Amino acid sequence: MPAHFFFYFGLSCILIHEMDAIRCKEWQIFPGLALLEDRLGFQLFMLAHIPLYLIILLALADPGRQNGWVFGLNIFFLVHLGLHLLFLKHPKNQFKDVISWIFIGGAAVGGGLDLILAP
């Protein structure tokens, strides 16, 4: 099995979750973005992911920084699940179907398993 297999599983789930977040209008839950007109909130949410993804992908490609980023993102995957549970009853939360929770939970499971099992 490749090194950090479960991390990459979790990363795959979180990236798919971010695609699902567009369908579910996740920006309507975020403080700040929720105050904006829906189209502008959507645009800012989308644009914010470009530097976010770029930073993550470049950090993972750098052997000197990869392990620290893998560890930090594994923790984030677990915290992210907690945040979705915390905001479960938010009136604008549209993450109600099983497929959304497969991605959210899958990221957390992948991160948790990588923290436990990775060398």
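Notes on the structure follow. (Residues numbered from 1 in each chain as written. Predicted model: local features only at pLDDT ≥ 70, side-chain atom pairs only at ≥ 80, totals over all residues. Heavy atoms only, no water.)

Re the overall build of the chain
The helix and strand tally for the chain stands at four helices and zero strands. Along the chain, helices and strands appear, N-terminal first, in the series α-α-α-α. Over its C-alpha atoms the chain spans a radius of gyration of 15 Å, differing by no more than 12% from the 14 Å that the globule rule assigns to 119 residues. Scored against the burial criterion, the 119 residues of the chain give a buried share of 34%. For the chain, restricting intrachain contacts to residue pairs at least 6 apart in sequence, the fraction spanning at least 24 positions comes to 66%. With an accessible surface of roughly 7,200 Å², the chain has 76% of that area assigned to carbon and sulfur atoms. (Helix = DSSP H or I, 4+ residues; strand = E, 2+ residues; numbered from the N terminus. Rg over C-alpha atoms; globule rule 2.2 N^0.38 Å. Buried < 20%, exposed > 50% of the residue type's maximum accessible area, 1.4 Å probe, protein only. Contact = heavy atoms within 4.5 Å. Areas by Shrake-Rupley, 256 points an atom, 1.4 Å probe, with all protein chains shown as cover.)

Considerations on the pattern of salt bridges
When their charged atoms lie close together, side chains carrying opposite charge are able to pair. Per the counting criterion, the structure on display carries four salt bridges. Ionic pairing is found between R23 and D20, a salt bridge with its closest N-O pair at 2.7 Å. A residue pair is termed a helical-turn pair when its members lie 3 or 4 positions apart in one helix, as R23 and D20 do in helix α1 (residues 5–23) at three residues. Of the residues examined, R23 reaches a relative accessible area of 45% and is grouped as partly exposed. Of the charged contacts, one joins K25 and D38 as a salt bridge, the two residues approaching to 3.9 Å between their closest N and O atoms. Pair noted here: K25 is in the loop between α1 and α2 (38–61) and D38 is in helix α2, with a separation of 13 residues, a long-range link. K25 sits in the partly exposed class, given a relative accessible area of 31%. (Salt bridge = Lys/Arg side-chain N within 4 Å of Asp/Glu carboxyl O.)

Considering the nonpolar core
Counting 10 residues, the largest nonpolar core is built from F7, L11, C13, I14, I56, L60, V70, L73, F77 and A107. Looking at this core, the elements with two or more residues in it are α1, α2 and α3 (66–86). Looking at this core, the element that brings in the most residues is α1, giving four residues. One finds W27, F45, F95 and I104 within the second-largest nonpolar core, a separate group that totals eight residues. (Core = buried A, V, L, I, M, F, W, Y, C linked by side-chain atoms within 4.5 Å.)

As for the packing of α3 against helix α4 (residues 98–117)
Each pair of packed helices can be described by the angle between their axes along with the distance between the axes. The interhelical angle for the contact between α3 and α4, taken along N-to-C directions, is 140°, at an axis separation of 8 Å. By the criterion of interaxial angle, the relationship of α3 to α4 is oblique. Two packed elements cross with a definite hand, and for α3 against α4 that hand is left-handed. Contacts between α3 and α4 involve V70, F71, N74, I75, F77, L78, H80, L81, H84 and L85 from the first element and W101, I104, A107, A108, G110, G111, G112, D114 and L115 from the second. Looking at the contact of α3 with α4, its residues break down into 12 nonpolar, six polar and one charged. (Axes fitted to C-alpha atoms, helices over the stretch in contact; angles between N-to-C directions. Parallel < 35°, antiparallel > 145°, perpendicular 65-115°, else oblique. Left-handed = near helix turned anticlockwise from the far one by under 90°. Nonpolar A, V, L, I, M, F, W, Y, C, P; charged D, E, K, R; others polar.)

Considering the packing of α1 against α4
Where α1 meets α4, the axes come as close as 7 Å, and the angle between the chain directions of the two elements is 155°. Comparing the axis directions of α1 and α4 gives the class roughly antiparallel. Read as a crossing pair, α1 and α4 show a hand that is left-handed. In this structure, α1 uses F5, F6, F7, F9, G10, C13, I14, I16, H17, D20 and R23 to contact α4, whose residues at the interface are I99, S100, F103, I104, G106, A107, G110, G111, L113, D114 and L117. Each residue belonging to the contact of α1 with α4 can be placed in one class, and the counts come to 13 nonpolar, six polar and three charged.

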